[in-house]
Every structure is written in C-alpha cells, then in structure tokens.
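If you want the building blocks of each chain, they are given just below.
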Amino acid sequence: MGLILETPRLVLRNWRDDDRDLFREINRDPKVMEFFPFRRSPEEADAMMQRMRAMIDETGLGCYAVELKQSAEPIGFCGLSKPDLAPILPEATVEVGWRLATRFWGQGYITEAARALVDFGFATKGLSEIVSFAVEANRRSTAVMERLGMRHDAQRDFDHPRVPDTHPHLRRHVLYRISHPEV
C-alpha cells in the first residue's frame, strides 16, 4: 500500500527506504522526543520504521510518512493506529498520533494531516470515535488536538503503563476524543 491520502500541501503514504534518515532524525531529536522516556538508536529507529511499514501493508492503519507535496520531502509522520493499551483503552480504540521534524514545526502541517486522517477515519474506515493522548505537560500536542475539535475527556486520563519508573513526570497522559459527527 503506497499512497494513503493527499491534502492541499501534503501526501500521506507508506514508508520507503529513502525515508530512513528523516525517521532516524525525529526519533533522536531531544525536542521531538521531549515527552518520551528514551531516544532511539539508528538501528532501533530502522526496526520501528519497518514495523510501521508492515502494519500499514497488513491493516491499512498505522503511522504514515508525511511528505511535502511541492518537494516530495518527508517531514514526519501522522497516522491512525490501535494503541494496544487494553484494558486502559478498549482493543477497538483508534488513535491519531504524530511526530514532525522540528524544522517543520509551526506551519500547520500536523493539524492539516491529522484533520484529513480524522475525516478519513470517519468517512472511509467507519470509525465512531478517534482519540489522541499525550503527556499532560505536552501543550504542543494538546493544542493540535483542540484545533482538530477534540475534547479533553478527564475521566479517561491514565498513567501510561510503558513509561518506566525512572520517568514519573512522563507517566500521566491526558486523553482527547472526537466522535463521528453522525453518531
């Protein structure tokens, strides 16, 4: 599976081998990974990119490469995926998530990509709800969630079980949600 969808400025597609440098960059950048307990080595990033590529091929869901339409340059990722956090989140839960190389921040690319994916999730995938979650202090991400029309659901906030005890300040996650307009 190659092309997933297009927006006015972006192409969302599956990963290619020539995206490797960008994927490594965003997974080691301290600003991008500020709210994650670890950075990935080049080998770990390569393995993660391969898992993401395979998931998209198998299920059609995943974190898609985002590239600029004008230059075909990859800039990060945005996707719809199942977070695998049962019993905290039901197995059928689908989240919208993203990461973007810092040189592309502040230009509305993630909001554009995520908005298109939310519409795609409702119209094409038949989803009734899409969630997004982030570390409580991650105001950049929660601002995107709010721009998407998502609302904070404080009753569903949670402590992320995969955050190690060495990073307690990253454990608490806030959950935002949006329901299909016709539900």
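Our subject is the structure listed above.
Our subject in this report is the structure included herewith. (Residues numbered from 1 in each chain as written. Predicted model: local features only at pLDDT ≥ 70, side-chain atom pairs only at ≥ 80, totals over all residues. Heavy atoms only, no water.)

1. Examining the overall build of the protein chain
For the protein chain, the count of helices and strands is four helices and nine strands. Starting at the N terminus and walking to the C terminus, you meet the elements of the protein chain as β-β-α-α-β-β-β-α-β-α-β-β-β. For 183 residues, the compact-globule formula gives about 16 Å, and the C-alpha radius of gyration of the protein chain, at 16 Å, lands near that figure. Dimensions of the protein chain, computed from the C-alpha atoms along their principal axes, are close to 45 × 40 × 30 Å. The burial tally for the protein chain puts 52% of its 183 residues in the buried class. Within the protein chain, contacts between residues separated by at least 24 positions form 64% of all contacts whose residues are at least 6 apart in sequence. (Helix = DSSP H or I, 4+ residues; strand = E, 2+ residues; numbered from the N terminus. Rg over C-alpha atoms; globule rule 2.2 N^0.38 Å. Buried < 20%, exposed > 50% of the residue type's maximum accessible area, 1.4 Å probe, protein only. Contact = heavy atoms within 4.5 Å.)

2. Re the state of the cysteines
Counted under the stated rule, the structure contains zero disulfides. Summary of cysteine pairing: Cys63 is not part of a disulfide, and the nearest cysteine sulfur, belonging to Cys78, is at 7.9 Å. Here Cys78 falls in the buried class, since its relative accessible area comes to 0%. (Disulfide = S-S within 2.5 Å.)

3. Details of the pairing of strand β3 (residues 62-68)
Counting buried positions along β3 yields seven of seven residues, so the element is predominantly enclosed. By the bridge criterion, four bridges tie strand β2 (residues 10-13) to β3 in an arrangement that is antiparallel. From the neighbouring strand, Leu10 faces β3, where its bridge partner is Leu68. As paired strands, β3 and strand β4 (residues 74-81) are joined by six bridges and run antiparallel to one another. The residue of β4 that forms the bridge with Val66 is Gly76. With antiparallel pairing between neighbouring strands as the criterion, β3 and β4 make up a hairpin whose turn holds five residues, including Ala72 at a positive phi of roughly 65°. (Pairing = 2+ DSSP bridges.)

4. Observations regarding the packing of helix α1 (residues 20-28) against helix α2 (residues 42-59)
Where α1 meets α2, the axes come as close as 9 Å, and the angle between the chain directions of the two elements is 115°. Both α1 and α2 take part in a crossing whose hand is right-handed. Facing α1, whose interface residues are Arg20, Phe23, Arg24 and Asn27, α2 presents Pro42, Ala45, Asp46, Met48, Met49, Met52 and Arg53. Across the contact of α1 with α2, the residue classes break down as six nonpolar, one polar and four charged. (Axes fitted to C-alpha atoms, helices over the stretch in contact; angles between N-to-C directions. Left-handed = near helix turned anticlockwise from the far one by under 90°. Nonpolar A, V, L, I, M, F, W, Y, C, P; charged D, E, K, R; others polar.)

5. Notes on the side chain of Thr142
Take Thr142: it is sitting in helix α4 (residues 139-147). Residue classification places Thr142 among the buried positions, given a relative accessible area of 3%. Separated by 2.9 Å, the side chains of Thr142 and Arg139 make a polar contact. In contact with Thr142, other than residues within four places in its own chain, are Val174 and Tyr176. (Polar contact = N/O pair within 3.5 Å; in protein donor to acceptor, adjacent residues only side chain to side chain.)

6. Describing the packing of aromatic side chains
The relation between two aromatic rings is expressed through the spacing of the ring centres and the mutual angle of the planes. Here the structure, examined in full by the defined rule, presents five aromatic pairs. Their ring planes at 75° and their centres at 5.0 Å tell us that Trp15 and Phe23 sit as a pair that is edge-to-face. For Phe23, a relative accessible area of 1% corresponds to the buried category. Ring-pair connections join several aromatic residues into one group, and the members of that group are Trp15, Phe23 and Phe77. It is Arg99 that lies over the ring of Phe36; its NZ or CZ is 4.3 Å from the centre. (Phe/Tyr/Trp six-rings, centres within 6.5 Å; stacked < 30°, edge-to-face > 60°. Lys NZ or Arg CZ within 6 Å of the ring centre and 35° of its normal.)

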